[in-house]
Amino acid sequence: MKKPIELSDISRYRGELMGLAMLFVMLFHVWMPRSNPMYGLVRCGNVGVDVFLLLSGMGLWFSWTKNPSLKHFFKRRYQRVYPAWLVIACLFYIPNYLNTPGGGYSPDIPNLIANILVGWSFWRVDDLTFWFVPAIMMLYTFAPAYMALIQRHPVYRWMPVVAMVLAVMVQYYPPVHQAVGHLEIFFSRIPIFLIGVNLGSWVKERRTLDGQALWLVIVAFAMSLAMCVEFEQSWRGRFPLFIERMVYIPLTLSMVVLLAQMLRKTPQGVRRALAFIGTISLEMYLIHIQFVMKYVTPYKLGYCLTALIVIVVSALLAWLLRKIIPTPTLPKGGS
């Protein structure tokens, strides 16, 4: 009989998983020619965003069930995100306003202030420069209501299914599409975040899966990865992106379970390096495109060398930013 799969491993290696997710996202952002046979696989690195959201939702459940106080909840969220965000937002949006005709993403001072405070241009015109931050802050805003709801009425744990239908409506239902169609990248990620919250209770209760479920997890991973690679390699630009993001859901869940199993046997030095990247992942996300990759790419050093330089330099700058602007260290299982 196969050994049961311990879901608590997802919590035990949460930092390492977030580090891997950050690396996936950075490898996705580095330009690669479509003719490269690895193009489709590298483009699947976008799923790192979904891994972040799954782990964030799980962490919120740990935090909320430990201390269900709105004041404590939002204080922890803002203390983690806002200091680094305000610095990077000022460094990007102020020069963008001053140096771009028409103000760039900030056509006037009120919009500039709103961009610095809440990333307003993401909601207004789908500015994807730092889209993940305003998106995750919006999810944080509604998370306590969802967690309180499923505590009182567990049947509402099916809300991710409703969120999937909402993602389809954003693309195809005219009234919804006209109102928020430009925010597909946000709405199609709501399901995996809610699933992460739901998963948090199983992880916290240290539930296990029958060892035979490993084969089901492997099949789900192989099928969803194959489909996502095919989407990226052969169908990019010829289908609504939310369809691939729906396939990201089983890919994310199966991959996280498999990676957690693999991390149990990974050398400690490698785990420490991944956990370190996980610790500074927010800062690396904010820095790596606009403040590193933007200046490395023009040298045309090739994919591998460009990716290596971007990762190393971004990690160094992110570490320095974290040292200059200290933020709370998140507990092992939650946030």
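All figures in this text were calculated on a predicted structure; none of them were measured in a lab.

Overview of the overall build of the protein
Counting its regular elements, the protein contains 17 helices and two strands. Taken over C-alpha atoms, the radius of gyration comes to 20 Å for the protein, in line with the 20 Å a tight globule of 335 residues would show. If one aligns the C-alpha atoms of the protein with their principal axes, the spans along those axes are about 65 × 45 × 45 Å. A buried classification covers 51% of the 335 residues belonging to the protein. Long-range pairs, those at least 24 residues apart, make up 78% of the contacts in the protein between residues at least 6 apart in sequence. Total accessible area computed for the protein in this model is approximately 16,200 Å², and 70% of it derives from carbon and sulfur atoms. Measuring between centres, the 31 positive side-chain charges of the protein sit 8 Å from its 14 negative side-chain charges.

Here we look at helix α6 (residues 109–118)
Every buried residue belonging to α6 is among N111, L112, A114, N115 and I116, and all of these are buried. Packing partners of the buried residues in α6 comprise α5 (70–99) and α7 (120–125). Of the residues flanking the end of α6, it is G119, one or two places downstream, whose phi is positive at about 60 degrees.

Quick notes on the side chain of R80
Its location among the elements puts R80 in helix α5. One polar contact links the side chain of R80 to the main-chain carbonyl oxygen of T279, over a distance of 3.2 Å.

Section: the nonpolar core
Ranked by internal contacts, the top residues of the largest apolar core, which has 108 residues, are I10, F193 and L286. Residue contributions to this core peak at 13 residues, all from helix α14 (residues 241–263). Non-local contacts of I10, meaning those with residues more than four positions away in its chain, are made with L17, L55, M58, L199, V256, V257 and A260.

Examining a nonpolar patch on the surface
A surface patch of nonpolar side chains, amounting to about 1,100 Å² of accessible area, comprises F276, Y299, L301, L305, L308, V312, V313, L316, L317, W319, L320 and I324. Tallying contributions element by element places helix α17 (residues 303–324) first for the nonpolar patch, with nine residues. Summarising the element assignment, L308 is placed in helix α17.

Quick word on the packing of helix α4 (residues 47–66) against α5
Interhelical geometry of α4 versus α5 gives an angle of 140 degrees and a closest axis separation of 9 Å. For the element pair α4 and α5, the recorded crossing hand is right-handed. Contacts between α4 and α5 involve L60, S63 and W64 on the former and, on the latter, L70, H72, F73 and R77. The class makeup of the residues in the contact of α4 with α5 is four nonpolar, two polar and one charged.

Observations regarding the state of the cysteines
Throughout the structure, instances matching the rule amount to zero disulfides. Here C228 is not disulfide-linked; the sulfur of C44 is the nearest cysteine sulfur, at 5.0 Å.

Here's the deal with helix α2 (residues 14–29)
Taking 1.5 Å as the rise per residue, α2 with 16 residues should run 22 Å; its terminal C-alpha atoms sit 23 Å apart, in good agreement. In terms of residue burial, α2 counts as a mostly covered element, since twelve of its 16 residues are buried.

Some thoughts on the packing of aromatic side chains
Tallied over the full model, the rule gives 19 aromatic pairs. For the pair F73 and F74, a centre-to-centre distance of 5.2 Å together with 90 degrees between the ring planes defines the contact as edge-to-face. Counting every residue linked through ring pairs, the aromatic cluster contains F52, F122, W123, W131, F132, F186, F187 and Y285. Stacked on the ring of Y140, the Lys or Arg R77 has its end atom at 5.6 Å from the ring centre.

Here's the deal with unusual backbone geometry
With phi around 55 degrees, R206 is a residue other than glycine that occupies positive phi space. Considering the arrangement of structural elements, one finds R206 in the loop between α12 (190–204) and β2 (208–209). Exposure remark for R206: the relative accessible area of 54% places this residue in the exposed category. Even without glycine at this site, K300 takes up a positive phi of about 50 degrees. Tracing the sequence through the fold places K300 in the loop between α16 (281–296) and α17. Relative accessible area serves as the criterion here: at 75%, K300 is assigned to the exposed category.

Observations concerning the packing of α4 against α14
Running from amino to carboxyl end, α4 crosses α14 at an angle of 65 degrees, the nearest separation of the two axes being 9 Å. When the axes of α4 and α14 are compared, the pair comes out roughly perpendicular. Seen along the crossing, α4 lies across α14 with a hand that is right-handed. Across the interface between the two elements, V47, D50, V51 and L54 from α4 touch Y248, L251, T252, L253, M255 and V256 from α14.

Examining the environment of Y140
Tracing the chain through its elements places Y140 in helix α8 (residues 132–152). Note: C-alpha distance between Y140 and G57 (83 residues apart in sequence) is 8.8 Å.

Calculation criteria
Residues numbered from 1 in each chain as written. Predicted model: local features only at pLDDT ≥ 70, side-chain atom pairs only at ≥ 80, totals over all residues. Heavy atoms only, no water. Helix = DSSP H or I, 4+ residues; strand = E, 2+ residues; numbered from the N terminus. Rg over C-alpha atoms; globule rule 2.2 N^0.38 Å. Buried < 20%, exposed > 50% of the residue type's maximum accessible area, 1.4 Å probe, protein only. Contact = heavy atoms within 4.5 Å. Areas by Shrake-Rupley, 256 points an atom, 1.4 Å probe, with all protein chains shown as cover. Lys, Arg positive; Asp, Glu negative; His and termini not counted. Charge placed at Lys NZ, Arg CZ, Asp CG, Glu CD. Polar contact = N/O pair within 3.5 Å; in protein donor to acceptor, adjacent residues only side chain to side chain. Core = buried A, V, L, I, M, F, W, Y, C linked by side-chain atoms within 4.5 Å. Patch = residues over 30% accessible without salt bridge, like charges linked within 9 Å, V, L, I, M, F, W, Y side chains within 5 Å. Salt bridge = Lys/Arg side-chain N within 4 Å of Asp/Glu carboxyl O. Axes fitted to C-alpha atoms, helices over the stretch in contact; angles between N-to-C directions. Left-handed = near helix turned anticlockwise from the far one by under 90°. Nonpolar A, V, L, I, M, F, W, Y, C, P; charged D, E, K, R; others polar. Disulfide = S-S within 2.5 Å. Expected span 1.5 Å × (residues − 1). Phe/Tyr/Trp six-rings, centres within 6.5 Å; stacked < 30°, edge-to-face > 60°. Lys NZ or Arg CZ within 6 Å of the ring centre and 35° of its normal. Parallel < 35°, antiparallel > 145°, perpendicular 65-115°, else oblique.

Just distances and angles here, no functional claims.
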